[in-house]
Structure formats: structure tokens, C-alpha cells
Amino acid sequence: MRIAAGQGFWGDWLEAPYRQVTGGPIDYLMMDYLAEVTMSILQKQKSRDPASGYAKDFVPQMERILPLLVERRVKVTANAGGVNPRACAQAVAAAARQLGLGGKLRIGVVTGDDLLPRLDGLLARGHDLKNLDTGRPLREIRDRVLAANAYLGAAPLVEALRQGADIVITGRVTDTGLTLAPMVHAFGWRADDWDKLAAGTVAGHTIECGAQCSGGNCSVDWQRIPDLANVGYPIVEAHADGGFEITKHPDTGGRISVAGVTEQLVYEMGDPTTYITPDCVADFTTIRLTQAGKDRVRFAGIKGRPATNKLKVSLAYFYGYKAVGTLVYAWPDAYRKAQAADRVLRRRLHDLRLAFDAIHTEFVGADATHGSLATRATRFAELPEVQLRVAVRSREAGPVERFTREIAPLILNGPPSVTGFAGGRPKPEEIVAYWPALIDKDVVEPCVELVDV
Amino acid sequence: MTRKAAPKVLLLDLAHARSGDKGDTANVGLIALKPAYYPHLVKHVTAARVARHFRGLITGKVERYELPNLNALNFLLHGALDGGGTVSLKTDAQGKVLSTALLRMEIAAPR
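What you see is a predicted model; the values in this text were computed from it and never measured.

S.K.: Any details on the overall build of chain A? Residues and values, ideally.
M.R.: The helix and strand tally for chain A stands at 13 helices and 19 strands. Its C-alpha radius of gyration of 25 Å places chain A within 12% of the 22 Å reference for a compact globule of 453 residues. C-alpha extents for chain A along the principal axes are approximately 70 × 55 × 45 Å. Residue burial in chain A is summarised as follows: out of 453 residues, 54% are buried. Nonlocal contacts in chain A, meaning residues at least 24 apart in sequence, comprise 77% of its contacts between residues at least 6 apart. Total accessible area on chain A stands at roughly 18,900 Å², and carbon and sulfur atoms take up 51% of it.

S.K.: Report on the pairing of strand S12 (residues 296–300) of chain A, specifying residues and quantitative values.
M.R.: Side chains Val297 and Phe299 of chain A project from S12 of chain A onto a buried face, and the interleaved Arg296, Arg298 and Ala300 of chain A project onto a face without burial. From the end of strand S11 (residues 288–293) of chain A to the start of S12 of chain A, which pair antiparallel, there are 2 residues, and aspartate 295 of chain A there has a positive phi angle of about 55°.

S.K.: Would you mind going over the interface of chain B and chain A in detail, with residue names and values included?
M.R.: Counting residues at the interface gives 35 residues for chain B, matched by 44 residues for chain A. Between chain B and chain A, the buried area comes to about 3,400 Å², and carbon and sulfur atoms account for 57% of it. In this structure, the connection of chain B to chain A is made through 2 salt bridges. Two residues, arginine 393 of chain A and aspartate 82 of chain B, come together in a salt bridge whose shortest N-O distance is 3.2 Å. Counting the contacts that link chain B with chain A gives 26 residue pairs in polar contact (both at pLDDT 80 or more).

S.K.: Just give me the short version of the pattern of salt bridges, but keep the residues and values in it.
M.R.: Under the criterion given, the structure shown has 31 salt bridges over all chains. Several salt bridges share partner residues, and in doing so they unite Arg2, Glu237, Glu245, Arg296 and Arg298 of chain A into one network.

S.K.: Which residues make up the nonpolar core, and what values go with them?
M.R.: Residue and element names in this part refer to chain A. Formed by 71 residues in total, the largest nonpolar core has its most connected members in Phe244 and Phe299. Of the residues forming this core, the biggest block, 6 residues, is contributed by helix H8 (residues 194–207). Residue assignment places this core across two domains, with domain 1 (2–113 + 151–308) and domain 2 (318–435) each supplying three or more. Apart from the residues lying within four places of it in its own chain, the contact partners of phenylalanine 299 are Val202, Thr206, Gly243, Phe244, Ile246, Val261, Leu265, Ile287, Arg288 and Leu289. Counting residues in hydrophobic clusters, the runner-up holds 42 residues, among them Leu34, Phe58, Val92 and Ala316.

S.K.: Can you break down unusual backbone geometry residue by residue, with the values?
M.R.: All names here are of chain A. In this structure, proline 332 follows tryptophan 331 across a cis peptide bond, with omega equal to 0°. Residue position: proline 332 is located in the loop between strand S14 (310–330) and helix H10 (334–351). Residues other than glycine seldom take positive phi values, yet serine 417 does so here, at roughly 55°. By the element assignment, serine 417 lies in the loop between helix H13 (410–413) and strand S17 (418–419).

S.K.: Describe the pairing of strand S16 (residues 385–394) of chain A, listing the residues and the values that go with them.
M.R.: Residues and elements named next belong to chain A. S16 sits mainly inside the fold: 8 of its 10 residues count as buried. Sheet topology note: the S14/S16 ladder contains 10 bridges and is antiparallel. Paired with threonine 326 across the strands is arginine 389, a residue of S16. Bridging between strand S15 (residues 358–364) and S16 involves 7 bridges; their strand directions are antiparallel. Following the sheet pairing, histidine 360 is matched in S16 by alanine 391.

S.K.: Account for the packing of aromatic side chains, with residues named and values stated.
M.R.: All names here are of chain A. Using the criterion set out here, one finds 11 aromatic pairs over all chains in the structure. For the pair phenylalanine 187 and tryptophan 189, a centre-to-centre distance of 5.4 Å together with 35° between the ring planes defines the contact as tilted. Residue classification places phenylalanine 187 among the partly exposed positions, given a relative accessible area of 24%. A residue is classified by how much of its surface remains accessible, and tryptophan 189, at 8% relative accessible area, is buried. An aromatic cluster of at least three residues, connected via ring pairs, comprises Tyr317, Tyr319 and Trp435. A cation over an aromatic ring shows up here: arginine 64 above the ring of tyrosine 18, its NZ or CZ 4.2 Å from the ring centre.

S.K.: Lay out the domain arrangement of chain A with the relevant residues and their values.
M.R.: Here the domain parsing of chain A yields domain 1 (2–113 + 151–308) and domain 2 (318–435). The distance between the C-alpha centroids of domain 1 of chain A and domain 2 of chain A comes to 39 Å.

S.K.: Summarise the environment of valine 45 of chain B; cite the residues concerned and give the values.
M.R.: All names here are of chain B. Here valine 45 shows up in the loop between helix H1 (38–44) and helix H2 (47–53). Classification of valine 45 as buried rests on a relative accessible area of 0%. A C-alpha to C-alpha distance of 18 Å links valine 45 and alanine 80, two positions 35 residues apart in sequence. Once you skip the residues sitting within four places of it in the chain, valine 45 turns out to touch Leu11, Leu30, His40, Val50, Arg64, Leu73, Phe75, Met105 and Ile107.

Conventions and cut-offs
- Residues numbered from 1 in each chain as written.
- Chains lettered and ligands numbered in written order.
- Predicted model: local features only at pLDDT ≥ 70, side-chain atom pairs only at ≥ 80, totals over all residues.
- Heavy atoms only, no water.
- Helix = DSSP H or I, 4+ residues; strand = E, 2+ residues; numbered from the N terminus.
- Rg over C-alpha atoms; globule rule 2.2 N^0.38 Å.
- Buried < 20%, exposed > 50% of the residue type's maximum accessible area, 1.4 Å probe, protein only.
- Contact = heavy atoms within 4.5 Å.
- Areas by Shrake-Rupley, 256 points an atom, 1.4 Å probe, with all protein chains shown as cover.
- Pairing = 2+ DSSP bridges.
- Buried area = accessible area lost by both parts, 1.4 Å probe.
- Salt bridge = Lys/Arg side-chain N within 4 Å of Asp/Glu carboxyl O.
- Polar contact = N/O pair within 3.5 Å; in protein donor to acceptor, adjacent residues only side chain to side chain.
- Core = buried A, V, L, I, M, F, W, Y, C linked by side-chain atoms within 4.5 Å.
- Domains from an automatic or database assignment.
- Phe/Tyr/Trp six-rings, centres within 6.5 Å; stacked < 30°, edge-to-face > 60°.
- Lys NZ or Arg CZ within 6 Å of the ring centre and 35° of its normal.

Below, the structure written as C-alpha cells:
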């Protein structure tokens with residue numbers, strides 16, 4: 001069984017899903033859309049328009065491939081539904097009917113992850129949803145919460161597939177669940193077959209970032225990774241015993257190697273022995289990798305443990321405002337000029353008595369990525385240019401707004417040989433912050449509905 | 001008797017790496033370029049040594065996990081991202097290039 005990754009995040013390559021469906025045989029197309037703060041953006045859209053709140057890009061992408069999906073019997077799992085999976089399903093169904101596919105498709109809709117309408121009830125019943133990182137109780141920010149979604153696992157997707165869904169559209173489902181579900185469905189794995197569930201979870205983790213396991217963002221031998229313009233997105237070839245291989249379509253660019261796959265395995269890793277999902281706990285220290293052929297890596301030996309009785313909840317809340325201003329200083333003495341401009345700017349902000357939580361300065365070209373680790377080794381006098389990048393953060397809009405007006409004056413009243421301001425005044429941005437928590441599994445009720453096109 | 005300083009090597013020549021974020025914590029996965037280098041990394045690239053390397057750049061502690069099956073070490077750098085995610089004011093708010101920052105470390109050359 002072949003599960004192809006078509007989208008590693010909302011904003012990933014628009015060509016990838018089409019290329020996965022047309023480049024060779026696949027059974028499933030897996031598309032991951034939801035990052036941690038995406039839900040709050042979608043919640044805001046939904047509050048303005050009750051028919052929105054899902055990943056809008058998904059609909060035209062599906063429109064392009066729907067006839068091919070029907071013809072080739074390729075199924076789709078996607079968490080594109082955001083905070084409104086039903087509306088997303090309706091939009092896809094409408095597109096399918098337009099294409100003359102009426103009667104040929106069944107869409108599964110998974111909901112139940114959205115805890116926002118239930119939040120006060122849950123808090124009243126003693127679910128304090130305290131911050132996993134800081135331990136603080138949710139009530140401190142309750143009035144600023146914009147979204148609250150439990151991470152559902154593979155189970156409701158498996159149920160939708162069992163009921164004959166060709167396309168499963170979900171809200172907040174784990175990235176890994178989107179890949180695991182087709183395996184559980186196809187192979188009939190039991191809900192307590194922890195090793196196999198862990199194997200499917202590892203497969204999901206490997207392909208959830210799209211081409212990041214097939215040559216993209218790969219630091220090993222990067223200059224010789226072939227034809228990234230034509231990069232092949234990853235495909236899992238899964239077996240009923242839990243073994244699987246990662247490969248890609250023939251005649252595509254990129255590379256699937258043990259080294260590259262290993263980079264993806266350690267990406268966003270915590271304790272590798274305890275990778276917790278709603279479906280199981282996977283042990284990444286049991287994975288055995290072998291290069292099984294050109295662009296083909298075999299996974300074996302994966303062990304899992306029973307799932308916990310908790311689900312992770314991702315909450316988003318309004319935090320405050322920030323803005324980033326930049327100017328570019330040219331040789332000679334580019335770095336010293338940028339430093340001088342930063343001192344001038346900070347003095348003016350200080351004199352205006354603006355209250356910021358933080359003012360952060362970076363010198364792009366010198367220290368923005370590696371800080372003092374880089375500046376120790378840099379010969380500053382020769383730098384052809386340095387970008388001064390100053391960012392501020394405040395609970396209030398006022399100081400941030402005033403900051404955005406303090407950048408441009410430096411062009412004429414600060415240090416010389418400065419440019420790069422054509423973009424105009426920086427715009428204050430609202431900060432929506434992330435609040436991770438846990439909740440008892442038994443209070444979250446996933447719901448599966450079917451929509452016949 | 002003269003004692004020569006042990007020859008040093010850049011971690012870049014022994015390992016590759018990928019990094020990412022979990023809130024205000026960054027993770028750096030460090031992978032030996034050859035399996036033979038792995039024990040050397042285990043010995044020399046300790047949590048304490050990495051904490052020293054990143055001194056002034058992170059506010060929290062460093063934890064290390066071993067993945068001998070992948071010839072890899074996983075480091076958690078706490079307080080590395082100015083609050084992380086959308087709160088952070090850093091260019092690298094998600095710690096994506098802390099991977100190569102770790103590869104700047106110098107350790108004793110393997111024999």
C-alpha cells in the first residue's frame with residue numbers, strides 16, 4: 001500500500017499533490033495543513049464568515065486532481081478542515097459536482113476536536129488545562145483564548161474510511177494520524193497492536209514535512225542532491241507486518257537516503273523513547289534503517305507502547321503586538337554604522353518612554369542566525385553590507401505603532417550609507433500565542449459524518 | 001618534556017544536524033557522518049559541553065538523549081527562542097538554524 005505526502009504544511013508547494021497523483025501508482029494522498037497557530041487564524045476567519053475557517057487552498061488543489069483521484073481510486077486524508085471541516089467538505093463536494101463527479105465520491109468529515117465552545121464547562125469540571133511548558137493555569141488567560149483544539153488520532157479517520165469515505169477531511173488531527181489511519185484501515189491492525197501503530201506513526205512523522213525527508217533542507221552532501229527543482233515528495237510503501245519503506249516517484253529530483261531520512265526523524269524530537277500520540281507511544285530508539293535501493297530506505301524493528309489516557313490540546317490566545325523594522329547599511333564600516341543606528345534608535349525609544357516587553361536587535365549578515373558564535377569569527381571591516389533588524393514586542397498597540405515611525409527618520413538623520421527601506425513603514429502585527437495543555441481522553445468525543453457527492 | 005595540545009576538529013566535519021522547535025525549546029538532532037564517529041560524539045558532545053557552547057544564547061538548561069540506532073544525539077535547548085513561535089522576535093524564531101550553530105563547536109579530533 002502506497003501513501004504519498006502531498007503537502008507538508010499550509011503554504012507548501014502547490015504542484016506537489018498533482019505530481020504525487022500523476023507520477024506513479026499511489027493508494028492514498030496525505031495532506032497536512034495545520035501548524036500550531038493556524039487554528040486561531042482560521043477561528044478568526046470563521047467568526048467573520050461562518051462559511052470559512054478551513055484551509056482555502058485545499059479546494060482548488062482538490063479541484064485540479066479530483067477527476068484523477070476518482071479514475072485512479074486514490075483516497076485522500078487531509079486536516080485541511082481547520083475549525084470548519086463541514087464547510088470544507090461542502091466546498092469540495094460542490095467542486096466535485098461541478099466537475100461532473102456526482103455519485104462518484106464520498107467525503108468523510110471528522111470533527112469533535114474543537115473545544116472552544118466547551119471551554120468554560122471543562123474548566124468548571126476541573127480540567128484546568130494548565131500550560132505544559134510553564135505550569136500556569138488557563139484561567140489566567142481565559143478571556144483572551146481564541147482557539148482550543150484537542151489533537152485527535154487516527155481512529156476517527158479509520159472509521160470514516162471504514163464507512164467508505166474516499167476523501168477524509170478533518171480538523172485538528174495529528175500529522176502522524178493522517179498516515180497511520182490508511183494503514184490501520186487497510187491492514188486491520190488492532191487498536192492495541194502497539195508495535196504496528198508505532199511503525200505507522202514513525203512513517204507519518206517521516207513524511208509529514210513533505211520533501212524534508214526526500215532531499216529538501218538536507219545538510220548532508222547538499223550540493224550534490226539532484227534536481228531539487230523537480231523534487232519528488234515522499235511515499236510510504238507499507239506492509240501489513242508494520243515494516244515499510246520510504247521512496248519517491250521515478251524521474252523526480254531529490255534523494256532518499258539513510259542520512260536524509262535520519263535528519264527528518266530527529267526533527268522536532270523530544271525524548272526519542274517516548275514519542276506520544278493519541279494512538280500509541282512510539283520508541284524512536286528502536287528504528288532500524290537500511291538503504292534498500294536507490295532512493296529507498298527500509299524501516300524495521302519499531303517498538304511501541306500503550307497510548308496514554310490524555311490528549312494534547314493546542315490553545316491559542318491573544319498576547320499583544322510586535323513589529324520589525326529593517327535598514328541596510330553598506331561598506332565601509334557597515335557593521336559599525338548599523339550598530340550606531342541601533343544605539344540612536346534605542347535612545348529615541350527610551351526618550352519617548354515607550355513600554356516594550358522586549359526590544360531585540362539583530363545584524364543580519366553578522367549575527368542574526370548564530371549570535372555571538374558567529375561574531376567571534378567574523379572580520380567586520382570587510383562586510384559589504386549589514387541589515388539592521390530591530391523588533392519590538394508590547395502588550396499594547398500604541399508603543400509598537402510609534403516604533404514603526406522611528407525607522408525611516410534614521411535614513412536622513414542617522415549614520416550614513418543606508419538603504420533598503422523601499423518597503424515602507426513596518427506594520428504592527430497582532431501576536432497570537434500558543435498554549436499547550438493536556439486533557440483526559442474520555443471527555444473528547446470525535447465525530448464522523450459522511451457526505452455523498 | 002613538552003606536551004602538545006590535542007588536535008581539534010570542527011563538529012561540522014564529524015556530524016550533520018537538523019533542528020526545530022517545541023514552544024520556547026529548540027531541539028538539535030546531531031547525526032554522525034560515519035557510524036565510527038558516534039561513540040566519539042557521545043563522549044565529547046555532552047549536555048554540559050553544549051550548554052557551554054550556547055552560553056549567552058539560551059536561558060535554560062540543555063538535555064541530551066541518545067539514539068545509538070541512528071548514530072544520533074538529540075539535544076533540547078530550553079529557553080532558546082525568545083518565547084518561541086509567534087511571540088519570538090528572532091529571525092530564527094523556530095530554531096531552524098541552531099543545527100549549524102552547534103556544528104561550529106570544536107572538539108578533540110578522533111584518533
